[in-house]
Structures are given as structure tokens and as C-alpha cells.
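Inside the fold
This is what each chain is made of:
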Amino acid sequence: SGYITLDPGFKNTGATKSAITYLDGEKGILKYRGYKIEDLAEKSTFLEVAYLLIYGDLPSKETLEQFRSDIKGQMIVHEDMKNFFAGFPSKSHPMGQLSCLVGALSAFYPESLNPNQNDKEEYQTIVNLLGKMPTIVSWIQKKSLGHPVVYPKKDLGYIDNFMNMIFGEVNCDRIFDDAVLDAMRVLLILHADHEQNCSTSTVRIVGSSNANLYASVSAGINALWGPLHGGANQAVIEMLEDIKNDGGDVNKYLAKAKDKNDPFRLMGFGHRVYKNFDPRAKIIKKAADDVLEKLGINDPVLDIAKGLEKAALEDQYFIDRKLYPNVDFYSGIIYRALGFNAEMFTVLFALGRLPGWIAQWKEMRDNKEPIGRPRQVYTGEVNREYIDLNNR
Ligand code: CMC
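All chains use their own residue numbering, which begins from 1 and follows the written sequence. In view of the model being predicted, local features appear only for residues whose pLDDT reaches at least 70, and side-chain atom pairs are presented and counted only at 80 or more, with totals across whole chains, interfaces and linings using the full set of residues.

**Quick notes on the overall build of the chain**
Selection rule: Only DSSP runs of H or I reaching four residues or more are called helices, and only runs of E reaching two or more are called strands; each is numbered from the N terminus. The globule rule used for comparison is 2.2 Å times the number of residues to the exponent 0.38, while the radius of gyration itself is calculated over C-alpha atoms. To sort residues by burial, count the other C-beta atoms lying within 10 Å of each one's C-beta; a count of 20 or more means buried, 12 or fewer means exposed, and anything in between means partly exposed. C-beta atoms are built from the backbone. Working definition of a contact: two residues with C-beta atoms, positioned from the backbone, lying within 7 Å.
For the chain, the count of helices and strands is 17 helices and 3 strands. Computed over C-alpha atoms, the radius of gyration of the chain comes to 22 Å, within 12% of the 21 Å expected from 2.2 N^0.38 for 392 residues, which places it in the range of a compact globule. The principal-axis extent of the C-alpha atoms belonging to the chain is close to 70 × 55 × 50 Å. The buried share of the chain, taken over its 392 residues, is 42%. In the chain, of all internal contacts separated by at least 6 residues, the share reaching a separation of at least 24 is 76%.

**Regarding helix α10 (residues 213-225)**
Every α-helix carries 3.6 residues per turn, so stepping three or four residues along brings you back to the same face. To keep it simple, the criterion reads: Here the expected length of a helix is defined as 1.5 Å per residue gap, with one fewer gap than residues.
For α10, spanning 13 residues, the distance from its first C-alpha to its last is 18 Å, which sits close to the expected 18 Å at 1.5 Å a residue. Those residues of α10 lying buried are L213, Y214, A215, S216, V217, S218, A219, G220, I221, A223, L224 and W225. Taken together, the buried residues of α10 touch α5 (94-108), α6 (119-145), α9 (198-207) and α17 (345-366).

**Points about the pairing of strand β2 (residues 29-32)**
Rules: Strands are treated as partners if at least two bridges between them are detected by DSSP.
Of the two faces of β2, only one is covered, namely that formed by L30 and Y32; the face formed by I29 and K31 stays uncovered. As defined by bridge partners, strand β1 (residues 21-24) adjoins β2 across 4 bridges and the pair is classed as antiparallel. Residue T21 lies in a different strand from β2, and its bridge partner there is Y32. Two elements, β2 and strand β3 (residues 35-36), share 2 bridges in a ladder whose sense is antiparallel. Its bridge partner being in β3, Y32 is matched across the sheet by Y35. From the end of β2 to the start of β3, which pair antiparallel, there are 2 residues, and R33 there has a positive phi angle of about 50°.

**Side note on the site of the ligand**
Quick reminder of the rule: By convention here, the C-beta atom is placed from the backbone, and a residue is near a molecule or strand when that atom is within 6 Å of it. Three classes are used, and their members are as follows: Ala, Val, Leu, Ile, Met, Phe, Trp, Tyr, Cys and Pro are nonpolar, Asp, Glu, Lys and Arg are charged, and the others, Gly among them, are polar.
Neighbouring residues of the ligand: 20 residues in total, closest A232, R265, G270, R272 and N326. Partitioning the shell around the ligand into residue classes produces 8 nonpolar, 8 polar and 4 charged.

**Brief notes about the sheet that holds β1**
Strand pairing in a sheet is mediated by backbone hydrogen bonds. Such pairs are either parallel or antiparallel. A sheet is described by the order of its strands in space; here 3 strands give the open sequence β1-β2-β3, paired in antiparallel fashion. Single-partner strands in this sheet number two, and they are β1 and β3.

**Details of the nonpolar core**
This is how it is decided: Think of a nonpolar core as buried Ala, Val, Leu, Ile, Met, Phe, Trp, Tyr and Cys residues chained together by C-beta atoms that fall within 7 Å.
In terms of nonpolar packing, the biggest core is built from 105 residues, with L98 and I334 touching the most fellow members. The element that contributes the greatest number of residues to this core is α17, accounting for 12 residues. Residues contacting I334, with those up to four places away along its chain left out, are A183, L187, I284, A287, A288 and V291.

**Description of unusual backbone geometry**
Not every positive phi belongs to a glycine, and R33 is a case in point at roughly 50°. Following the sequence through the fold, R33 ends up in the loop between β2 and β3. Among the residues examined, R33 registers 19 C-beta atoms within 10 Å and is labelled partly exposed. The phi torsion at N171 lies on the positive side, around 65°, for a residue other than glycine. Structurally, N171 is set in the loop between α7 (158-167) and α8 (178-191).

**Observations concerning the packing of helix α11 (residues 232-245) against helix α16 (residues 328-338)**
For clarity, the threshold we go by: The axes used here are C-alpha line fits, helices contributing only the stretch in contact, and every angle between their N-to-C directions lies in the interval 0 to 180 degrees. Every angle not falling under 35 degrees, over 145, or within 65 to 115 is termed oblique; those three ranges are roughly parallel, roughly antiparallel and roughly perpendicular.
In the contact formed by α11 and α16, the axes pass within 8 Å of each other and the chain directions differ by 75°. Judged by the inter-axis angle, α11 sits roughly perpendicular to α16. Judged by residue contacts, A232, N233, Q234, V236 and I237 of α11 engage D328, F329, S331, G332 and R336 from α16. When the residues that make up the contact of α11 with α16 are grouped by side-chain class, the tally is 4 nonpolar, 4 polar and 2 charged.

**Focus: the confidence of the model for the chain**
Atom-level detail of predicted coordinates should not be read off regions where pLDDT is low. What counts is decided by this rule: On a scale of 0 to 100, pLDDT captures the predictor's confidence in every residue.
The share of residues in the chain with pLDDT of 70 or more is 100%, and the mean pLDDT across the chain is 95. As a predicted assembly, this complex carries a pTM of 0.95 together with an ipTM value of 0.97.

**A short note on the environment of L98**
Tracing the sequence through the fold places L98 in helix α5. L98 gets classed as buried once you count the C-beta atoms within 10 Å, which come to 26. Remark: the alpha-carbon pair of L98 and D39, spanning 59 residues in sequence, is separated by 31 Å.

Laid out in C-alpha cells, this is it:
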């Protein structure tokens, strides 16, 4: 079988060429299609960034208008999909529900099963998924509360529609403070792509077998769920709560994180690629300060987070290993200020990451990449004589 290079965790293995996201982990630089994340977070709408990631360029006014209205036209979700909710226990985790519902879209839109869709057909599948994702997420939230769903409205934009479906009530729309909508916009943009991370690589590898977009993204959602990846945002807030309820001693938790016999890790700290700082975390930290101030919220876990960050950054263990706060460290504090419960945090990450998954799936298809099929170094037994059941 020839010589095989082993690289557990793919720490040094490039799996693809990609023209979507540029990342310099040493310098803390992140760019989508050549545009600085800081500029996009300040100036763009989320759908503009989605278009940029998927189609490669910032859209013209007309193209963006068309893209928006095509997505808005697909926000209604098939009523039969409500039946899934009858089967989920009321306390089931939103991420399990989300992957199931997104995967199920392929059953409702079987034209997506054709791996040779032309550009127009593929565009339809893409806007369908972008349109339905916020509605599906809102249904999950409403299910958790036992409330009736709120339908998308033609006169609202992508983010206000989403927020209204989440927090509005039937026949009673919610009007949101600009600060709330803007915080949501920034968070979604910052999460929109991050090159070959665990969930994105999953989407590409699943899609490489010519699996449809819904199935591939559903797999990505499951990969994102883990606490070492997107699930970290829920884990961070739970950790901060634990520290608060345990008397607020951050050093006790730093000691636990450093203890190699304790499985505890400082959630929201460390990154496979960023070794100086995570540029997203910088923007989010500021956004957390801004939004809490504007909404007049005094969240004691923000102080715990700041204390923990400061102590960790001064600690030799974290300095030696170049461990810095990542995107998930402060995002949960904002989500909570906006009114989401912790179990919804990773679902919000998925909503933000969706354009990136779509862009990467499409790039992999456009480049006609071969099926993903890693090799292995076999370490098991080679020759064994079969022993009859009676003789074992
Ligand atoms: N707390 C304590 N020690 C840590 C941490 C942490 N959060 N992260 C890494 N280390 C240590 C690790 O124990 C190892 O030490 P040693 O060299 O003594 O064995 C060293 O740092 C290198 O860590 P690694 O696990 O080999 O690094 P990795 O690149 O495989 O893992 C990571 C990256 C993000 C999974 C890891 O840093 C981690 O588990 N962080 C906590 C979970 C988290 O916040 N995840 C969100 C990541 S950012 C957004 C996203 O991807 O969704």
C-alpha cells in the first residue's frame, strides 16, 4: 500500500486548495475573499457577506436585491415539517433537532439529490436553505417553550425576521433596538466562515461523495455541536456560571485547566490555528461591552470572564502554549443579553456558519474534487486462525 504519512487531527495536512477564506494564525488575520473581517463586520449586511463567500465577489445593488428577495421567498417551511416536533422530547437539544430538520429538507426537495444540478438549480437549492434555516431555528425555539410558531414576514429583513420569529408572538411583532439587530449582524458575519475547521471539512468530505447540500450541511451541524468546536459557546457560559456559583475564584479554575489529571479545559480558550489572538474575539469582546451597556444589562459573568481572561493571559501555562480567548469566549454573553438560552447558542453559530458551509461545498463541487478518503496505518493483528464459538 506504499508509504503513508500519519497526521492525527490533520495538524499539518492541507486537504484542499481554497479561494474563500484567508487566515494567518500567527498575525491574527482573517479575510473573506480578500476582504478584512473587521471591514465586513463594520460595513456589510449578513446576506452581502453570504453572497460574497458563496459567489466570490461583493454583489452589486441589483444582484443583492435579487438574492435577498429570492431568499425571502423561500423562508416559509413546509407545514409537514412541524410533524417532526411532535416526535422530539420537549427537552431535546436544539442541535440534534437542527441537524435532523436540515437533513430532512432533502426529502422535501428531492431535486437537490441530483449531483449534476445546473447553476440555476443549484442557486435554488442554496437560497432555499438560506431562507429556511432561520425559520427552522425559530421553530426549535418555539418548540422548547411550547409556543406557536411565528411566520416570516415579507416586509422584514433577514435578521429582523429571524429575531421576530424567535421572540415575537402570533399577531404581536417585536420591534428590536438597533443595538440588538446590529450585535446579531456582527455575530453572524464573524461566524460566517473559517476555512477548513472540523465542521467545514465534514461538509466537504460528505459532499465529496456527491451527497446533496442538505445532507452535507446536516453533517456539518453535527460536527459543530461538539464542545471542542461550536459547542464551546454553550460550554463557556456554563463554565462561567459554575465559577460564579462557586464563589467566583478564577484561579481555582485555572489550576484545574492546567492539571493534566483533570479533564477540565478552559472553554473558549485556545485555537488550532490562532497562536497570537483570534481577531473575531477582539471584535466580539467590544461588541459584548457595547451591547450590555446599550441594553443596560449588568451581567456578573462578564466580570468573571474578564477576570478569567486576564489571569490566563498572565499565566505561564497559557503563555507557553499560546492559548488566547477564541470566538466563543464572549459570544455567549451577547447571545444571553439578547435573550437566548444557552442551549440555543450553538444553533446561532450554525446559522452564521451556513454561508461558509455552502460556499465550501460549492467550491469543492466546482473544482471537481475527488471523494475524500483518508488512509490509515493498520495496527491490528494480521494473521489469526478462526476459533469455533464452542472452543472460545
Ligand atoms: N485549556 C487548557 N489547556 C489547553 C486548552 C484549554 N482550553 N487548549 C489547549 N490546551 C493545552 C493542551 O492541553 C495542550 O497542552 P500540552 O501541550 O501540555 O499537552 C496544548 O494546550 C495544545 O493543545 P491541543 O489540544 O493539542 O491543541 P489543538 O489544536 O488540538 O486544540 C482546541 C484546539 C480549540 C480544541 C483546544 O484549544 C480546546 O480544547 N479549547 C477549548 C474548547 C474551545 O474553546 N473550542 C472552541 C474553538 S474556536 C471556535 C470553534 O472552532 O468552534
